[in-house]
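# Analysis of the macromolecular model
If you want the building blocks of each chain, they are given just below.
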Amino acid sequence: MQKYFNFLSITFVSIKIFFLLIILNSYLVYSLDPIISGEYFTGDNITINNKTLFIIGTDSDGSYWNNYSAVIFQGNNVLFKVNKGKCKKIDYYEYCFEDSYYNWEKNFTWIGRVLEPSMIIKIYYYTPEIVFERNESIELEYNRPKVIDLRFKNNGNRETVVKYQEVLPYDFLISNCVDCTISINKINANIKLKAGEEKTIYYTITYLGYKNFSWNMNYTYTYDNNVIKEFKTITSSVKIPYELTESLSQSTSSTLGEISTYTVSVANLYETPLKVNISIMNEQVKDYYGLVKYENKIQENNNAQGNYQYSYVYKYDGLIGPLETKNFSISIESSKIGVFPIILDATIIANNNIFTHRSNKTYNVSLNPLVPFLITDKEVADPNDTISLIAYLKNTDEKQQYLYVYAHLLPLDNYWTFNSISPGKEILLYNDTFRIPDGDDDLYIILSGVYRTTNFQEQKFTLKKIIDIRGREPKTIHNSNAENNTQSNETSADQSIEQKNNITNEQYSDENSQLPQETPPGLSQNLEDTQNSKGKEKKEDFLEKIIKSIDSFIKRLFGKK
């Protein structure tokens, strides 16, 4: 008994599945929009795709009203019958006879004394629609086979044949073509696809090299004398056998003595060794890792007299094993102000192919400078006027102390020297009035000088302020040795009185004092000799003379020759 119930249960489920399939099939068929839909009678005609078909009702279905049980479509050498409730596919069309009945309101359907049945007919147009998928950008590896798959799917509702062709570069080795043929460097395939069917063909390519390529492929399919043709461009690239990365822990520094680390990593991605040559150059190297230091001797300006510049280069020349990574680094100290390039030259040889890599990064060391200020109570004056002037220096860096400061003020021919100026401090140089000198030119007030960082790197400053003297013409001042390394800090007459009151000698007397008592040995005599001879010099050449004397002193002080 139990087996009997099990059999009934299985049979019931099977019947449900059967009817479900019928419903789904009907849904798929009638989910399309018909191109012809309506009521037709014997003798009517239908025109599709320039073809005329006559409608003939045939056979009684045995009912009381003698309705038609089939429809005959006739014309253009075509004759076929479709039963009631059925469909028939011919070419790219599907003809459906859905039902027939007597329509009492259509009087014109009377033939003699018999009413002709109405026939409900629908015609659907079926076409193929091919969807093609493949990777259009192929990444290859040296001498490693790559399987290429081509996927075709017919999303339409009609069978078709896809003709595929691809012409690959001669550099590739093509093999293992599944459901396709190989002819030298060509792939050909004919793929028959039913409605809703999907197929994939495969082939394999191998490449012994690192060059990149591009090529074309196409496929076609037809229906109703329509030809559909599609093109695609395929590109290939080869994964290089190594990975080179660079890093710089910090690219700028605003403090002397800081350390930044520049690292180069080379990873061998293959199972065969790489031959690697690495060269790194930088002026501020303090230490190095994984590299060998060599002297780099460069002749100056192709000079045959034996004048050379000397620097150092840090190198590695050797092998990196399979799947191995090596790191190389230099530590850079911010010992001087400036922009210091880090130049990398790398040559990597793999499978007799040469790869080069060159980069130029920079390490930038900058400090806030020592800045000169000039403040006057007038911007325009008469020849017999007096000028109130404040001249001072400010160390704008909050961390860095500056040493051996020398300042010179024209046209008063005053000069000052200081052993140091602390971070963020100011030094008052001049706070007084003076009479405008005689002459034919406007009044040029120039504050210039030099100072040193704690690493004894020389920096210069120059600031010029012009007072317009009525009745006089401007002149040109030549300061060939004075570099204008500071921003303009001129202050107008409206601001001069307030700033004059705010700047006093009390701000500077705790750690700086003016010459002659604090002049470093040797510098006082140079300045004195310069002063004694100043009457014989032109005004515009005096600053140049002072700067030369400072340079001479510094060279003697630090033993430079």
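Refer to the structure presented above.
An account of the accompanying structure is given in this report. (Residues numbered from 1 in each chain as written. Predicted model: local features only at pLDDT ≥ 70, side-chain atom pairs only at ≥ 80, totals over all residues. Heavy atoms only, no water.)

### Notes on the overall build of the protein
Condition: Only DSSP runs of H or I covering at least 4 residues are called helices, and only runs of E covering at least 2 are called strands; the numbering of each starts at the N terminus. Relative accessibility thresholds used throughout: buried, under 20% of the residue-type maximum; exposed, over 50%; partly exposed, between the two (1.4 Å probe, protein chains only). Only heavy atoms enter the contact rule, under which two residues are in contact if any of them lie within 4.5 Å. Calculation of accessible area relied on Shrake-Rupley with a 1.4 Å probe; when residues are assessed, cover is drawn exclusively from the protein chains displayed.
A count of helices and strands for the protein gives four helices and 39 strands. Taking all 561 residues of the protein together, 40% fall into the buried category. Sequence-distant contacts, at least 24 apart, represent 66% of the contacts inside the protein between residues at least 6 apart. In the structure as shown, the protein presents an accessible area of about 31,500 Å², 47% of it carried by carbon and sulfur atoms.

### Description of the sheet that holds strand β18 (residues 198–206)
Note the following rule: In this description, strands pair whenever DSSP reports at least two bridges between them. Angular values range over 0 to 180 degrees, each being the angle between N-to-C directions of two axes fitted as lines to C-alpha atoms, with helices fitted over their stretch in contact.
Overall, antiparallel pairing links the four strands, which are arranged β11-β13-β18-β15 in an open sheet. Of all the strands in the sheet, the pair left with one neighbour each is β11 (130–133) and β15 (173–178). Direction aside, neighbouring strands of the sheet carry axes that sit 20 degrees apart on average. Of the pairings in the sheet, the one linking β15 to β18 comprises four bridges and is antiparallel in character. Paired with Ser175 across the strands is Thr204, a residue of β18.

### Considerations on the state of the cysteines
Note the cut-off: When two cysteine sulfur atoms are found within 2.5 Å, that pair is recorded as a disulfide.
Scanning the model with the defined rule gives two disulfides in all. One disulfide bridge connects Cys87 with Cys96, the sulfur atoms lying 2.0 Å from each other. Its S-S torsion of about 115 degrees marks the bond between Cys87 and Cys96 as right-handed, since a negative value means left-handed. When its relative accessible area of 0% is taken as the criterion, Cys96 is described as buried. Here Cys177 is linked by a disulfide to Cys180, with a sulfur-sulfur distance of 1.7 Å. Taking the sign of the torsion about the S-S bond as the criterion, the disulfide between Cys177 and Cys180, at about -120 degrees, is left-handed. Cys180 shares its class with Cys177; the two are buried. Disulfide partners in the protein, listed by the sequence order of the bonded cysteines, are 1-2, 3-4.

### Topic: unusual backbone geometry
Of the consecutive residues Leu410 and Pro411, the connecting peptide bond is found in the cis state with omega at 10 degrees. In this fold, Pro411 is placed in the loop between β34 (402–410) and β35 (414–421). Positioned with a positive phi, Phe456 is a non-glycine residue whose angle comes to about 65 degrees. Mapped onto the fold, Phe456 is located in the loop between β37 (443–452) and β38 (458–469).

### What to know about the environment of Lys399
Examined against the element boundaries, Lys399 turns out to sit in the loop between β33 (386–395) and β34. For Lys399, a relative accessible area of 62% puts it in the exposed group. Residues Lys399 and Pro423 lie 24 residues apart in sequence; the distance between their C-alpha atoms is 5.3 Å. Once residues lying within four places of it in the same chain are set aside, the contact partners of Lys399 are Thr255 and Pro423.

Geometric values such as these leave the question of function open.
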